[in-house]
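Structural overview for review
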Amino acid sequence: MLELRHRGGCPGPGGAVAPPPREGEAAGGDHETESTSDKETDIDDRYGDLDSRTDSDIPEIPPSSDRTPEILKKALSGLSSRWKNWWIRGILTLTMISLFFLIIYMGSFMLMLLVLGIQVKCFHEIITIGYRVYRSYDLPWFRTLSWYFLLCVNYFFYGETVADYFATFVQREEQLQFLIRYHRFISFALYLAGFCMFVLSLVKKHYRLQFYMFAWTHVTLLITVTQSHLVIQNLFEGMIWFLVPISSVICNDITAYLFGFFFGRTPLIKLSPKKTWEGFIGGFFSTVVFGFIAAYVLSKYQYFVCPVEYRSDVNSFVTECEPSELFRLQSYSLPPFLKAVLRRETVSLYPFQIHSIALSTFASLIGPFGGFFASGFKRAFKIKDFANTIPGHGGIMDRFDCQYLMATFVHVYITSFIRGPNPSKVLQQLLVLQPEQQLNIYKTLKSHLIEKGILQPTLKDE
């Protein structure tokens, strides 16, 4: 039946399939019409099979080689595979956390470079799966175009970031002024160049395959580049908006694994058979407690709570400010049942700790669905991990599949419930204006302050 649908005909004598007559033609048309129809049928048979494949038809990707260091293999050789994997995951997890703390100490710029590096690696892992599954090694220009589109999209998003947060620096460089002024036009022109290159690279026998991979590339860009851009936007709001969400996802990943490993009995979801309800629930409560404590500790330090700003006078990023109300201790009245238990009327908290409960709840209840999505993706293409970059963990994408959902949520949360006017950003936007425009704004603001009685008029004003 599948073959009949492809050919669009009916079985004739002896089971042969003949193409249907075209509209306005008799079944026994001329020789040229039959020849053309046969060619179209042949092409459809040879290259139309991608549309009709089931999951079982997708070729398996060869398993990745084991990259576990030999010293670990020898040290853990006497353990069962279950406990060996547990120790490898634990040791590598502690190593990655230590490196993460080191990068935090090195400052905001290094964190941005880390996000960029993770983005590029995740893009590479997903695109490589496409290469293997769809056997696209011989597609003309495809690898080049994939990385070209990555470059174009990064140029657009990071250019927007430079325009928003580095206006004072841009004003001193004429070449940068030109790039920023026409940034969106340049970005669009670069993308159009790649689009035209793709159209010119189309080969008749590869049409479907090339369009599959074109869509694959753009979805991958949406997952990786857009989300990493939001992570950096969150970082500019203050390092705490970067650290608490990311560390909450990491905490949930670790604690859910531990609870599931030691207490897991009830399967949670078929997409990921090793996930259990015990791990899911244990991870939720652990993450909420961790997020609440982490928010309390980080809220004490300007380094974490102040927006990340670029200071042109020192030519570096700074995190110095007067902390907002969100990061100042306030007293809250306790509910009656807690008053009896704690024997106190009020408790002092940072308002950000209240917000951390929302962030931690999302990280532990909704964030894992990013992991389930990734599990479904891997099952669809018959792979265990996205790559073998980190022994015991898989690829970089295996570790950051939940982080991308979290980045979007935090950005939406900040813009919806937190963000107010940023004085430094307003000042940067004023500096971009012409002197006459700045003077008009100054006069308008001054007259408004005089009317409100905030500012006393001078003789010149009168």
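All figures in this text were calculated on a predicted structure; none of them were measured in a lab.

This part is about the UniProt feature "transmembrane region" (unreviewed entry) in the protein chain. Residues given the UniProt feature "transmembrane region" (unreviewed entry) here are residues 141–158, 178–200, 212–232, 238–264, 276–298 and 352–374. Taken as a whole, residues 141–158 contains 94% helix and 0% strand, while its terminal C-alpha atoms sit 26 Å from one another. The span residues 352–374 is 91% helix and 0% strand, and its two end C-alpha atoms sit 31 Å from each other.

Here the focus is empty space enclosed by the protein. On inspection of all chains with the given rule, the structure shows two cavities of 30 Å³ or more. Taken as a whole, the second largest cavity spans an internal volume of roughly 30 Å³. Considering the residues around the second largest cavity, the lining is formed by Phe-142, Leu-145, Ser-146, Phe-149, Phe-198, Phe-214 and Thr-217. At the level of elements, α7 (142–165) and α11 (207–236) are the ones that each hand at least two residues to the lining of the second largest cavity. In terms of residues, the lining of the second largest cavity owes the most to one element, α7, which gives four residues. When the residues that make up the lining of the second largest cavity are grouped by side-chain class, the tally is five nonpolar, two polar and no charged.

The subject of this paragraph is the nonpolar core. Looking at soluble globular proteins, one finds that nonpolar side chains tend to be buried together. Among the nonpolar cores identified, the biggest contains 39 residues, and Leu-111, Ile-240, Trp-241, Phe-242, Leu-243, Phe-352 and Leu-359 are the most heavily contacted of them. Where this core is concerned, the elements lending two or more residues are α5 (81–106), α6 (108–133), α11, α12 (239–263), α13 (277–298), α14 (302–305), α16 (351–365) and α19 (403–418). With eight residues, the top contributor of residues to this core is α12. Apart from residues lying up to four places away in sequence, Leu-243 is in contact with Phe-100, Ile-104, Leu-298 and Phe-304. If you look at the next biggest cluster of nonpolar residues, it comprises 34 residues, including Ile-118, Val-133, Trp-216 and Met-397.

Within the structure shown, the criterion is met by 35 aromatic pairs. For the ring pair Trp-86 and Trp-87, a centre distance of 5.3 Å and an interplane angle of 85° mean the geometry is edge-to-face. Seen in terms of ring centroids, Tyr-413 and Phe-417 are 5.1 Å apart; in terms of plane orientation they differ by 55°. Their pairing is tilted. In this pair, Tyr-413 and Phe-417 are both assigned in helix α19, four residues apart and thus about one turn of the helix distant. What makes Tyr-413 buried here is its relative accessible area of 10%. Across from the ring centre of Tyr-257, 4.5 Å away, lies the NZ or CZ of Arg-89, which sits over that ring. We note Arg-143 situated over the ring of Tyr-131; from NZ or CZ to the ring centre the distance is 4.9 Å.

Rules used in this analysis
Numbers given for residues are sequential positions, taken from 1 along each chain in its written order. Only residues with pLDDT of at least 70 are given local features in this predicted model, and only at 80 or more are side-chain atom pairs given and counted; all residues enter the totals for whole chains, interfaces and linings. Hydrogens and water are ignored here; the side-chain numbers use all heavy atoms of the structure. UniProt positions are given in the numbering used here, feature names are shortened, and annotations may be inferred rather than shown by experiment. Where helices and strands are cited, they refer to DSSP runs of H or I of at least four residues and of E of at least two residues respectively, numbered from the N terminus. Of the two site types, the cavity is a set of points on a 1 Å grid over the protein atoms alone where a 1.4 Å probe fits but cannot get out, and the pocket is an open set with protein on both sides within 12 Å along at least five of seven lines, each lined by residues with an atom within 4 Å of a point. Grid points are joined across faces, edges and corners, and a volume is the space filled by probe spheres set on the points. Think of it as three bins: nonpolar holds Ala, Val, Leu, Ile, Met, Phe, Trp, Tyr, Cys and Pro, charged holds Asp, Glu, Lys and Arg, and polar takes everything else, Gly as well. Residues belong to one nonpolar core when they are buried, are Ala, Val, Leu, Ile, Met, Phe, Trp, Tyr or Cys, and are joined through side-chain atoms within 4.5 Å. A 1.4 Å probe rolled over the protein chains alone gives each residue an accessible area, and that area as a share of the maximum for its type sets the label: buried under 20%, exposed over 50%, partly exposed in between. Whether two residues are in contact is decided by their heavy atoms: any pair within 4.5 Å suffices. Each pair of aromatic rings taken from Phe, Tyr and Trp, with Trp reduced to its six-membered ring, is defined by centres within 6.5 Å and is described as stacked if the planes are under 30 degrees apart, edge-to-face if over 60, and tilted in the remaining cases. A positively charged side chain is recorded as over a ring if its NZ (Lys) or CZ (Arg) lies within 6 Å of the ring centre. The angle to the ring normal must also be within 35 degrees.

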